[in-house]
Amino acid sequence: MRDQDTVVVPFEDEELDATTGEFELSERQALRRVPGLSTELTDITEVEYRQLRLERVVLVGVWTEGTQIDAENSLTELAALAETAGSQVLEGLIQRRNRPDPATYIGRGKVADLGSVVLASGADTVICDGELSPSQLRNLEQRTKVKVVDRTALILDIFAQHAKSKEGKAQVELAQLEYLLPRLRGWGETLSRQTGGSARGGGAGGGVGLRGPGETKLETDRRRIRTRIARLRREIKGMRTVRQTKRARRTRNAVPAVAIAGYTNAGKSSLLNRLTGAGVLVENALFATLDPTIRKATTTDGRVYTLSDTVGFVRHLPHQIVEAFRSTLEEVADADLVVHVVDGAHPDPEEQVRAVREVLAEVSADRLPELLVVNKTDAADEETLLRLKRLWPDAIFVSAHSGRGMDELRAAIEDRLPRPAVEVRAVLPYDRGDLVARVHRLGEMLGTAHLPEGTRVHVRVNQALAAELAPYAEQSMAPARP
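Values in this document were obtained by computation on a predicted structure and should not be read as measured data.

Enquirer: Explain the overall build of the protein chain residue by residue, including any values.
Expert: Of regular secondary structure, the protein chain possesses 15 helices and 15 strands. Looking at the protein chain as a whole, 51% of its 482 residues are labelled buried. A fraction of 72% describes how many contacts in the protein chain between residues 6 or more apart in sequence connect residues 24 or more apart. With an accessible surface of roughly 23,300 Å², the protein chain has 50% of that area assigned to carbon and sulfur atoms.

Structure (structure tokens):
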């Protein structure tokens with residue numbers, strides 16, 4: 001296979017614009033990496049749980065399909081991921097190939113060019129825009145003499161920095177360990193070290209007192225990681241049970257659920273803050289919030305529903321993340337409506353929608369009703385908005401920053417909420433104000449009148465509440481008209 005020309009894409013730093021969640025944001029920024037302290041690959045003697053010391057980085061991507069603009073957009077997103085992780089992006093390199101090289105990802109000839117760029121720029125880390133095999137990682141590190149990180153490890157590092165809740169931290173650790181296990185390796189003489197064994201036999205490694213059938217350090221590390229993975233899975237399963245219990249309670253009370261899903265940094269948290277005043281952290285960074293936030297909201301006619309903000313998606317979201325966060329993503333799968341948020345100012349919003357729908361299909365949420373919401377209209381140009389309106393005529397166009405279009409969005413959500421199934425006319429005594437309050441909260445009030453004997457209500461409610469209203473009903477209950 002013939003290597004082709006490499007395209008260099010420069011990047012510039014952008015200031016972060018925080019609008020809410022200032023306390024958490026200041027806490028996050030209080031401790032920053034100090035760049036340039038070390039570029040050496042050191043011998044790993046403990047479990048190789050490699051914390052990513054990302055300081056000055058060079059990005060490398062392989063363009064296998066699509067247009068050059070698609071490839072540059074992918075590398076621009078990788079740059080945003082690297083900056084979110086605390087790195088300074090120096091250069092971006094794209095190579096045109098039919099497929100990634102199985103040995104070095106970019107081909108033997110281009111590895112020398114990459115080494116020259118790393119040396120000239122003073123970079124100490126190379127980030128590849130794809131998931132590398134263990135052999136590709138090892139070969140690239142041996143030839144460039146700096147740390148090599150792939151896209152999956154970078155995303156996992158960001159998740160590890162931003163996870164706050166106990167469940168979120170456990171999910172991230174599980175994803176990291178599952179990614180690490182097949183890539184675990186020893187450097188230098190680590191592979192030949194022995195953690196035990198007798199002096200008999202001629203085991204490989206070690207000299208007097210170290211020969212024997214005992215486990216190598218690498219084998220011990222693998223065993224410890226597998227034990228930790230099993231423990232984390234048990235813990236997450238228990239947390240999943242708690243989450244299912246809470247969902248079952250909301251379902252039993254017939255509270256409709258709306259899930260806000262979308263690409264990372266599309267403005268989901270800003271939208272939740274606008275709709276409910278949740279006060280969730282908002283930051284111009286990828287995966288700024290990971291832990292799901294559930295807030296109560298009320299329709300104009302008094303019905304109660306929940307809005308939940310979920311983890312953001314990204315193209316080629318690591319399967320380890322999808323599996324580890326499956327219990328969290330099930331909040332989307334069990335919703336009555338998915339509000340799919342799209343960044344209208346993004347260079348490729350269509351690709352965002354495709355990537356999100358791909359992940360939703362993995363958790364069986366693609367069958368749910370979807371309300372497409374194009375956010376950041378204040379930052380998008382008119383030509384792009386006109387094109388998106390033609391492409392998605394049923395979408396709602398809003399700006400969570402300025403508040404434009406939010407009333408239309410609220411009305412669209414209310415219109416798509418499931419309505420109670422039973423229509424009832426009843427006269428409720430004045431001492432049963434609790435029933436009137438529950439009807440307002442859980443049902444749909446179609447009409448009221450105050451009589452001497454009580455409050456006459458015409459309502460649409462669920463089966464359980466209809467049964468409680470039955471003793472006061474003026475007429476038999478009938479299924480609601482469609």
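Enquirer: Requested: an account of the packing of aromatic side chains, with residues and values cited.
Expert: For any two aromatic rings, the description comes down to two numbers: the centre-to-centre distance and the angle of the planes. Tallying each qualifying case throughout the model produces zero aromatic pairs. Across from the ring centre of Trp63, 4.5 Å away, lies the NZ or CZ of Arg96, which sits over that ring. Note that Lys389 overlies the ring of Phe397, its terminal NZ or CZ placed 5.4 Å from the centroid.

Enquirer: So what's going on with helix α14 (residues 433-442)? Residues and values would help.
Expert: Within α14, the full set of buried residues consists of Leu435, Val436, Val439 and Leu442. Down the axis of α14, the buried side of the element spans an arc of 150°, and every buried residue falls inside it.

Enquirer: Describe the layout of surface pockets, naming the residues involved and giving the relevant values.
Expert: As a volume, the second largest pocket reaches approximately 610 Å³. Lining of the second largest pocket is provided by 25 residues; of these, Val62, Glu65, Ser74, Asp129 and His316 occupy positions nearest its centre.

Enquirer: Can you break down the sheet that holds strand β7 (residues 293-298) residue by residue, with the values?
Expert: The six strands are arranged β7-β8-β6-β9-β10-β11 in an open sheet whose pairing can be described as mixed. Looking along the sheet, the strands with just one partner apiece sit at the ends: β7 and β11 (396-397). Across the face of the sheet, helix α11 (residues 349-362) comes into contact with β6 (257-262), β9 (337-343) and β10 (370-375) while running at roughly 150° to β9. Across the sheet, helix α13 (residues 406-416) touches β6, β7, β8 (304-309), β9, β10 and β11, and the angle it forms with β10 is around 170°.

Enquirer: Explain the nonpolar core to me, and be specific about the residues and the numbers.
Expert: Counting 100 residues, the largest nonpolar core has Leu59, Leu271, Phe313, Val339, Leu409 and Ile413 as the members making the most contacts within it. When residues of this core are assigned to their parent elements, the largest contribution, seven residues, is made by helix α6 (residues 166-180). In contact with Val339, other than residues within four places in its own chain, are Val258, Ala259, Ile260, Ala261, Leu271, Leu371, Val373 and Ile413. In terms of nonpolar packing, the next biggest core, distinct from the first, is built from 17 residues, Val436, Met445, Val459 and Ala466 among them.

Enquirer: Can you tell me about the packing of helix α5 (residues 151-162) against α6, naming the residues and giving the values?
Expert: Between α5 and α6, the least distance of the axes is 9 Å, while the angle of their chain directions is 155°. Judged by the angle between their axes, α5 and α6 are roughly antiparallel. Relative to α6, the crossing made by α5 is left-handed. In this structure, α5 contributes Thr152, Ala153, Leu156, Phe159 and Ala160 to the contact, and α6 contributes Val172, Ala175, Gln176 and Tyr179.

Enquirer: Before we move on, can you summarise the pairing of strand β14 (residues 454-461) with the specific residues and values?
Expert: Within β14, seven of the eight residues are buried, which leaves the element mostly enclosed by the surrounding structure. Where strand β12 (residues 422-428) and β14 come together, seven bridges link them in antiparallel fashion. Pairing of Arg425 across the sheet is with His458, part of β14. Pairing geometry for strand β13 (residues 444-451) and β14, over seven bridges, is antiparallel. Residue Met445 lies in a different strand from β14, and its bridge partner there is Val459. Taking the residues between adjacent antiparallel strands as the criterion, β13 and β14 are bridged by two residues.

Enquirer: With reference to specific residues and values, describe the pattern of salt bridges.
Expert: Tallied over the full model, the rule gives 16 salt bridges. Residues Arg228 and Glu173 are paired through a salt bridge, measuring 2.9 Å at the closest nitrogen-oxygen approach. Of this pair, Arg228 sits in helix α7 (residues 217-252) while Glu173 is found in helix α6, placing the two residues 55 residues apart along the sequence. Overall, Arg228 belongs to the partly exposed group, its relative accessible area being 26%.

Enquirer: How would you explain the side chain of Asn139 if you had to name every residue and give the values?
Expert: Take Asn139: it is sitting in helix α4 (residues 134-144). The class for Asn139 is buried, based on a relative accessible area of 19%.

Enquirer: Can you tell me about unusual backbone geometry, naming the residues and giving the values?
Expert: With a phi close to 75°, Tyr105 is a non-glycine residue in the positive phi region. Residue placement: Tyr105 occurs in the loop between β3 (88-96) and α3 (108-121). Given the relative accessible area of 4%, Tyr105 is considered buried. If you check the backbone angles, Lys376 has positive phi at about 60° while not being a glycine.

Enquirer: Before we move on, could you go through α3 and cite the residues and values that matter?
Expert: Because an α-helix packs 3.6 residues into every turn, residues spaced three or four apart end up facing the same way. In a regular helix each residue adds 1.5 Å, so 14 residues correspond to 20 Å; α3 covers 20 Å between its end C-alpha atoms and thus fits that length. Once α3 ends, the next one or two residues include Gly122, with phi positive near 75°.

Enquirer: Please provide a residue-by-residue account of the side chain of Thr104, values included.
Expert: Structurally, the position occupied by Thr104 is in the loop between β3 and α3. On the basis of relative accessible area, Thr104 is assigned to the buried category, the value being 2%. A polar side-chain atom of Thr104 sits 3.1 Å from the main-chain amide nitrogen of Gly107. With residues near it in sequence (within four places) discarded, Thr104 still touches Val111, Gln136, Asn139, Leu140 and Arg143.

Enquirer: Can you explain the confidence of the model for the protein chain? Please cite residues and give values.
Expert: Here the protein chain shows a mean pLDDT of 76. Residues at 70 or above account for 75%. Least confident of the elements in the protein chain is strand β15 (residues 478-479), whose mean pLDDT is 46; most confident is β11, at 94. Here residues 1-18 scores under 50 on pLDDT; set against residues more than four positions off or in separate chains, the count is 50 contacts. Predicted confidence for residues 186-207 stays below pLDDT 50, and this span has 50 contacts to residues more than four positions away or in other chains.

Rules behind the numbers
- Residues numbered from 1 in each chain as written.
- Predicted model: local features only at pLDDT ≥ 70, side-chain atom pairs only at ≥ 80, totals over all residues.
- Heavy atoms only, no water.
- Helix = DSSP H or I, 4+ residues; strand = E, 2+ residues; numbered from the N terminus.
- Buried < 20%, exposed > 50% of the residue type's maximum accessible area, 1.4 Å probe, protein only.
- Contact = heavy atoms within 4.5 Å.
- Areas by Shrake-Rupley, 256 points an atom, 1.4 Å probe, with all protein chains shown as cover.
- Phe/Tyr/Trp six-rings, centres within 6.5 Å; stacked < 30°, edge-to-face > 60°.
- Lys NZ or Arg CZ within 6 Å of the ring centre and 35° of its normal.
- Arc of directions from axis to C-beta.
- 1 Å grid on protein atoms, 1.4 Å probe; cavity = no way out; pocket = protein on both sides within 12 Å on 5 of 7 lines; lining within 4 Å.
- Points joined across faces, edges and corners; volume = space filled by probe spheres on them.
- Pairing = 2+ DSSP bridges.
- Axes fitted to C-alpha atoms, helices over the stretch in contact; angles between N-to-C directions.
- Core = buried A, V, L, I, M, F, W, Y, C linked by side-chain atoms within 4.5 Å.
- Parallel < 35°, antiparallel > 145°, perpendicular 65-115°, else oblique.
- Left-handed = near helix turned anticlockwise from the far one by under 90°.
- Salt bridge = Lys/Arg side-chain N within 4 Å of Asp/Glu carboxyl O.
- Expected span 1.5 Å × (residues − 1).
- Polar contact = N/O pair within 3.5 Å; in protein donor to acceptor, adjacent residues only side chain to side chain.
- pLDDT = per-residue confidence, 0-100.

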